[in-house]
Each structure stands twice: as C-alpha cells, then as structure tokens.
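Structural overview
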Amino acid sequence: MPAQALQTRRRAKKAGFSLVELVVVIGIIAILIALLLPAVQAARESSRNAACQNHLRQIGLALAAHETAHRQFPTGGWGFQWVGDPDRGSGASQSGGWLFSLLPYLEAAPTHDLGQASSADEKAEALGAMLQVPVRVLVCPSRRGTELRPFLGQYPLHNAAKPALAFKNDYAGCGGDKQLVNGTGPAEDSPAALAAYPWPRHEASGVFFARSQVRPADVKDGLSNTYFAGEKYVRAREASSVQDRDFGDDQAAYIGDDWDVRRWTAEMPRRDGAANAPGAFGSRHPSSWNALFGDGGVRGMAYTIDPQVHRSLGNRADGGPSSIP
C-alpha cells in the first residue's frame with residue numbers, strides 16, 4: 001500500500017469515536033439535560049407568575065378607576081342565574097358580578113356594552129354571546145389561556161341565552177371571612193321580586209358579595225390590610241359534565257354573585273388539586289397564590305399562611321391581622 005494512502009487511513013481511524021466514547025458523551029448530554037430542564041421550567045413558571053401578578057395589578061387599577069367614577073367599588077351582583085346587563089349600572093341594581101362591571105376599565109367596554117338598549121329577546125342573545133368573549137387579563141397563564149370551556153351551570157339564565165361554551169376567569173373577589181348563602185338570585189327583575197328575594201340576612205364582611213355597595217371608607221382596616229381579590233382554587237382535573245363539575249368554575253366570568261367570581265377566607269388557600277373546594281382561594285403556582293390588596297398592591301401568599309391571619313385579611317373591618325407575612 002502506498003505510504004500516502006496508509007497515512008490517510010490512519011487519520012480516518014483517529015478521527016472516529018469508539019462505542020465507549022459515544023456512550024460516555026450521550027450520558028453527559030443526558031445529565032446536562034436533566035440538570036437544565038428543571039431550571040428552564042422554573043424560569044418559565046417565574047415568568048408566568050410575574051404575568052399573573054401583573055394581571056392582578058391591572059385589575060387593581062380598574063377597581064381604583066371604577067371607585068373614582070362611581071364613589072364605590074362594583075357590586076357583587078344578584079346570583080348565578082343572572083349575568084351582567086349593560087343597562088343596569090354597577091351598583092345594587094346590577095345583576096352581573098364585579099368582573100362584569102370592571103370591563104369598561106379593562107379596555108373591554110365593547111364586551112360590556114353588548115346588548116345595550118335592545119329588546120329583551122335581542123339582549124338575551126347578546127348577553128349569551130357576551131359570556132363567550134375572553135379578556136386575557138382575567139386568566140392566569142400558569143393555569144390556562146383564553147380558550148372557551150364548557151358552561152356547566154345546571155339552571156337556565158334569567159336574562160341571557162345559556163351558551164354551550166363560555167370564557168372562565170381565574171381571579172375572584174373576596175366576600176369576607178365567613179361564607180354567606182345566596183343562591184340563584186331572584187326569579188325576575190321586578191321591584192317586587194327583588195324585595196321578596198331572601199338576600200343573605202347579614203352583610204358580608206368582605207368587599208364583593210350579593211348587592212354589595214362598599215366604599216373605601218367602609219374598609220376600616222385599611223386598604224393595604226384587606227384582600228380585595230386573588231387567584232381562585234380550581235380543581236386540577238377539568239370537568240366535562242354537569243354531574244362532574246367544579247362548583248367554583250362551572251359557569252362564566254361575567255356571572256352574578258357565585259363561587260365562580262367570589263371566594264371566602266373561612267377556607268384555607270390551596271394549590272389546585274383533586275378536591276372540590278369552591279369557596280377557597282388558590283392557584284396552579286407551586287408554592288404560593290397571588291392576592292390583590294385594596295391599595296393595588298399584589299403579594300404572593302403562602303398556602304401555609306396562618307389561618308387566623310388569612311381570615312382577618314378577608315374581613316374589611318375586624319381590626320386587621322397582627323402581622324402580614
């Protein structure tokens with residue numbers, strides 16, 4: 001064999017990898033991936049959590065703008081058989097919940113005004129369509145996007161066509177530190193029906209509840225010491241039928257007073273899991289949930305927060321907690 005050909009062959013042999021070397025390299029790459037993947041996932045969750053907190057800050061700014069315009073915070077609405085009505089203002093006469101009344105202050109006025117000044121039949125169709133309009137700021141990116149999900153409310157809606165799919169929210173207003181039973185709301189919107197309906201006998205201790213009309217002066221513990229809203233607990237396994245529904249996430253974002261849009265601090269917050277806990281705050285984040293305080297501040301709150309502190313933060317006038325974590 002010529003000397004030049006032999007030299008070329010030796011170089012080719014030298015340039016290759018043995019099987020053992022290849023296995024070692026693959027093993028090193030696998031270890032690096034295993035080390036980097038949790039860091040990448042943690043970075044993504046940190047970004048999603050920051051976006052979630054920003055959403056709550058925008059809701060806080062909207063609440064401040066509403067209070068400036070109306071001298072009170074939006075009402076909690078009538079009950080879960082009612083949705084928001086653009087012709088009813090945002091006080092006790094508004095059938096929809098607080099999120100509906102905030103829409104004009106979240107750059108979603110066209111959604112709020114659907115069906116305005118129209119006939120009863122036209123309005124019912126428009127309000128049914130309104131329940132399907134997403135507003136990105138009302139969802140936490142760690143849990144879901146703005147895609148529509150099954151509307152699993154068991155009863156018909158009094159003032160809207162019941163949709164098959166609806167937009168659902170991840171943030172709920174704070175009703176207080178004790179749970180009050182409200183229910184469906186009145187059967188109709190006549191003055192007599194509103195007067196006869198058995199509204200909760202005692203006013204709730206929070207900010208958003210059935211026909212609430214809370215002003216800043218009513219928050220005697222101070223805006224910075226009172227939950228106004230926060231992430232709500234949602235069962236991790238999504239329901240697909242009425243029989244299997246999560247009662248705190250079965251209807252829509254613009255519904256009247258209901259677990260879908262209002263929570264209590266009588267229950268401890270928790271991370272999304274298998275249980276049905278429609279009255280609790282919580283989130284999909286691994287170690288904390290985000291709460292909006294009345295001064296517009298947003299804080300990450302531990303799931304292990306002291307129960308008494310958590311309860312007290314939900315009450316707007318009990319003297320406040322001794323300390324806030």
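A few points on the structure. (Residues numbered from 1 in each chain as written. Predicted model: local features only at pLDDT ≥ 70, side-chain atom pairs only at ≥ 80, totals over all residues. Heavy atoms only, no water.)

1. Digging into the layout of surface pockets
Over the atoms, a rolled probe matching the size of one water molecule traces out where space is still vacant. If you add up the space inside the largest pocket, you get close to 290 Å³. Taken together, 17 residues form the lining of the largest pocket, with Phe80, Gly183, Phe247, Asp258 and Trp259 sitting closest to its centre. A per-class count over the lining of the largest pocket returns seven nonpolar, five polar and five charged. Within this model, the second largest pocket holds a volume of roughly 220 Å³. Forming the boundary of the second largest pocket are 17 residues, of which Arg144, Val234, Arg235, Glu238 and Asp249 lie nearest the centre. Per-class residue counts for the lining of the second largest pocket are five nonpolar, no polar and 12 charged. (1 Å grid on protein atoms, 1.4 Å probe; cavity = no way out; pocket = protein on both sides within 12 Å on 5 of 7 lines; lining within 4 Å. Points joined across faces, edges and corners; volume = space filled by probe spheres on them. Nonpolar A, V, L, I, M, F, W, Y, C, P; charged D, E, K, R; others polar.)

2. What to know about the pattern of salt bridges
Enumeration over the complete set of coordinates arrives at 19 salt bridges. A salt bridge links Lys123 to Asp87; its shortest N-O distance comes to 2.5 Å. Taken as a pair, Lys123 in helix 5 (residues 120–130) and Asp87 in the loop between helix 2 (19–70) and helix 3 (98–102) lie far apart in primary sequence, 36 residues in all. By relative accessible area, which is 12% here, Lys123 ends up buried. (Salt bridge = Lys/Arg side-chain N within 4 Å of Asp/Glu carboxyl O. Helix = DSSP H or I, 4+ residues; strand = E, 2+ residues; numbered from the N terminus. Buried < 20%, exposed > 50% of the residue type's maximum accessible area, 1.4 Å probe, protein only.)

3. Quick look at a nonpolar patch on the surface
On the surface, Val20, Val24, Ile28, Ile31, Leu32 and Leu35 cluster together into a nonpolar patch covering about 590 Å² of accessible area. Tracing the chain through its elements places Leu35 in helix 2. Assessed through its relative accessible area of 59%, Leu35 is described here as exposed. (Patch = residues over 30% accessible without salt bridge, like charges linked within 9 Å, V, L, I, M, F, W, Y side chains within 5 Å. Areas by Shrake-Rupley, 256 points an atom, 1.4 Å probe, with all protein chains shown as cover.)

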